[in-house]
Amino acid sequence: NDDGGGGTVLAPKTRFKTKRPSLYRVLLLNDDYTPMEFVVHVLERFFNKNREEATQIMLHVHQNGVGDCGTFTYEIAETKVTQVMDFARRHQHPLQCVMEKK
Ligand code: TYC
């Protein structure tokens, strides 16, 4: 900008820097009661896994207590957790799904 007096007035710098969204891992937790087939179905339905991948993840959770379902931005991760918890509850299974910041 020009100040009319021979000096130059600078406009505020436009912010161009972009912020990358924080990422969150969605995890399934093991329990003694949820049927294996139900967990496989959850992984296919909410995490777009094929039967083979879903079975591997389910068995990993069964053996290790916890397993990775995928990484998402906050809002997507939160939606997945809510969908899985609601679905498990509706089917009266104690399956737990949580998210953690990466
Ligand atoms: N442990 C369960 C069983 O033996 C199966 C299971 C796997 C449950 C993964 C939860 O996130 C889970 N029926």
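Structure's up top.
About the thresholds
Residues numbered from 1 in each chain as written. Predicted model: local features only at pLDDT ≥ 70, side-chain atom pairs only at ≥ 80, totals over all residues. Heavy atoms only, no water. Helix = DSSP H or I, 4+ residues; strand = E, 2+ residues; numbered from the N terminus. Expected span 1.5 Å × (residues − 1). Buried < 20%, exposed > 50% of the residue type's maximum accessible area, 1.4 Å probe, protein only. Salt bridge = Lys/Arg side-chain N within 4 Å of Asp/Glu carboxyl O. Near = heavy atom within 4 Å. Polar contact = N/O pair within 3.5 Å; in protein donor to acceptor, adjacent residues only side chain to side chain. Areas by Shrake-Rupley, 256 points an atom, 1.4 Å probe, with all protein chains shown as cover.

Let us look at helix 1 (residues 36-47). Under the 1.5 Å per step criterion, the end-to-end length of helix 1 is 16 Å for 12 residues, consistent within 8% with the ideal 16 Å. Phe38, Val39, Val40, Val42, Leu43, Phe46 and Phe47 are the residues of helix 1 that are buried. Directly beyond the C-terminal end of helix 1, a positive phi value near 55° is found at asparagine 48.

The next thing to look at is the pattern of salt bridges. Throughout the structure, instances matching the rule amount to four salt bridges. For glutamate 100, the salt bridge is made with arginine 25, and the minimal N-O distance between the two is 2.5 Å. Note that glutamate 100 is positioned in strand 3 (residues 96-101) and arginine 25 in strand 1 (residues 23-29), a separation of 75 residues in sequence. Looking at glutamate 100, the relative accessible area reads 33%, which means it is partly exposed. Take arginine 25: its relative accessible area is 23%, and that puts it in the partly exposed class.

A separate point is the site of the ligand. Taken together, Leu29, Asn30, Asp31, Thr34, Met36, Val39, Met58, Val61, His62 and Leu95 make up the full set of residues adjacent to the ligand. Taking asparagine 30, its side chain carries an N or O atom lying 2.8 Å from a nitrogen atom of the ligand. Isolated, the ligand exposes 350 Å² of accessible area, and the fraction of that covered by the protein chains is 88%. Among the elements of the structure, helix 1 and helix 2 (51-64) are those that each provide at least two residues to the shell around the ligand. When residues of the shell around the ligand are assigned to their parent elements, the largest contribution, three residues, is made by helix 2.

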